[in-house]
Amino acid sequence: MTKQDLSLYIIPATTDVLTALRRLNTFGSDRSQTLFAVDSDGRLSGSITDGDIRRHLVSGLTLDKPVSAIANKSVHTLKAGSVSVSELATFRAKAIELIPVVDSEGHIVDAVNLKIQKSYVPVDAVIMAGGKGQRLLPLTATTPKPLLPLGDKAIIDHIVESLIEYGIDNICVTVNYLKQQLIDHFSTPMHGVGVHCVEEPAFLGTIGSLRYAIPLLKHDTVLLTNSDALTNLNYENFYLHFTEHDADMSVAAIPYSFSVPYGIFDLDGREIRGVLEKPTYNYYANAGIYLIKRELLDLIPEGEFFNATDFMDKLISMGKRVIRYPLTGYWLDIGVPDEYARAKEYIKHINK
């Protein structure tokens with residue numbers, strides 16, 4: 001939620017009820033019919049809904065009374081810096097639409113509007129967008145792959161908007177090839193969220209440039225994603241799975257099945273021990289989306305070509321916990337012309 005949006009929900013506790021009612025009357029269907037009253041020091045003192053006002057008017061309250069007279073003092077809140085995603089899920093189940101995020105002194109620093117947001121996942125996001133996209137030539141000869149159009153917006157904008165929907169508001173994009181176009185593209189905020197471009201000094205693989213984003217990170221967990229995947233991954237579930245299993249790194253994985261249309265021999269040398277008739281083998285493929293504990297990012301070598309798979313191998317060799325998260329929704333890798341064409345057709349249907 002932008003600071004401008006947040007200010008719409010905050011009202012001094014001394015404000016009269018009529019003014020509060022007029023404020024609520026300006027809210028459209030995308031806004032929760034709730035205001036938060038704050039005291040003279042800006043601390044949360046209660047909440048007011050249109051229902052609260054109606055009930056008190058019926059009981060004889062006059063419109064010139066301060067909202068402090070009707071404010072609900074028991075407000076569900078989230079703690080800044082340690083937002084509980086599990087607690088947020090509980091609020092959602094109770095149909096609580098607007099939850100203030102307060103600091104240690106009770107000041108409202110943000111709010112989660114579940115009418116327009118899916119969650120408030122406490123991670124930083126880094127999108128790797130420095131590659132040359134050579135498999136999509138000639139389309140990428142003068143345009144970086146993340147900025148190729150997909151529907152009415154660029155490929156990378158679909159990713160950024162999906163992150164913002166989950167309340168992720170610290171987003172970095174690592175850039176290299178045709179980097180100025182991406183820097184210009186993100187020179188203004190998207191939906192009130194600024195996107196920071198981090199320049200990669202050389203082509204450093206699928207995770208090497210993440211090291212240069214470390215100074216911009218503020219959470220204990222980092223979401224790393226490629227800039228060419230169209231997916232409806234539920235980032236809240238991904239994060240909860242990561243924390244519940246106390247993982248050091250989690251890899252979003254695509255279920256992949258391969259059926260052999262023949263009978264397959266079970267061999268011991270030249271001896272046939274049995275026959276598997278038309279077997280199906282099930283695997284998981286790397287989706288290029290990861291959650292990583294921030295404290296481990298110093299293991300990425302500085303200035304060296306380093307892939308995410310190299311990082312996984314390093315963590316495993318150290319005895320760290322690397323797990324897979326099954327991605328059960330859709331996932332399209334926009335890396336070759338056929339897949340790009342497929343994604344353009346697909347986006348037409350999901351936008352209807």
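Coordinates for the structure precede this section.
None of the values given here were measured: they were computed from a predicted structure.

Student: What's the story with the sheet that holds strand E4 (residues 78-79) in this structure? I'm lost.
Tutor: Sheet strands line up and pair through hydrogen bonds in the backbone, either parallel or antiparallel. The sheet built from 3 strands is open, its strands ordered E4-E5-E6 with mixed pairing. The open sheet has two free edges, formed respectively by E4 and strand E6 (108-113), since each of these has just one partner strand. Two strands pair when backbone bridges link them, and strand E5 (residues 98-102) and E6 are joined in this way by 5 bridges, in the antiparallel orientation. Within the sheet, the bridge partner assigned to Ile99 lies in E6 and is Val112.

Student: In this structure, what is going on with the packing of aromatic side chains? I would like to understand it.
Tutor: Centre distance and the angle of the planes are the two values used to describe a pair of aromatic rings. Evaluated as defined, the whole model comprises 4 aromatic pairs. In this structure, Arg324 is placed above the aromatic ring of Tyr284, and the distance from its NZ or CZ to the ring centre is 4.5 Å. Sitting over the ring of Tyr340, Lys344 keeps its end group 4.5 Å from the ring centre.

Student: For this particular structure, what's the right way to read the sheet that holds strand E14 (residues 249-259)?
Tutor: Ordered by their spatial adjacency, 7 strands build an open sheet running E11-E10-E7-E12-E17-E14-E18, and the pairing between neighbours is mixed. In this open sheet, the two edge strands, each paired with only one partner strand, are strand E11 (195-199) and strand E18 (322-326). Averaged over all neighbouring strand pairs, the angle between strand axes comes to 35 degrees, with direction disregarded. Inspection of the sheet shows E14 paired to strand E17 (residues 280-293) by 10 bridges, in the antiparallel sense. Along E17, the bridge assignment pairs Ser259 with Thr280. This element, helix H7 (residues 235-244), spans strand E12 (221-226), E14, E17 and E18 of the sheet and lies at about 85 degrees to E17.

Student: Got a minute to help me understand the state of the cysteines in this structure?
Tutor: Each disulfide consists of a covalent bond between the sulfur atoms of two cysteine residues. The tally for this structure, following the rule as stated, stands at 0 disulfides. Just so you know, Cys197 is unpaired, no disulfide at all, and the nearest cysteine sulfur is the one on Cys172, 9.0 Å from it. Among the residues examined, Cys197 registers a relative accessible area of 27% and is labelled partly exposed.

Thresholds, definitions, all that
- Residues numbered from 1 in each chain as written.
- Predicted model: local features only at pLDDT ≥ 70, side-chain atom pairs only at ≥ 80, totals over all residues.
- Heavy atoms only, no water.
- Pairing = 2+ DSSP bridges.
- Helix = DSSP H or I, 4+ residues; strand = E, 2+ residues; numbered from the N terminus.
- Phe/Tyr/Trp six-rings, centres within 6.5 Å; stacked < 30°, edge-to-face > 60°.
- Lys NZ or Arg CZ within 6 Å of the ring centre and 35° of its normal.
- Axes fitted to C-alpha atoms, helices over the stretch in contact; angles between N-to-C directions.
- Contact = heavy atoms within 4.5 Å.
- Disulfide = S-S within 2.5 Å.
- Buried < 20%, exposed > 50% of the residue type's maximum accessible area, 1.4 Å probe, protein only.

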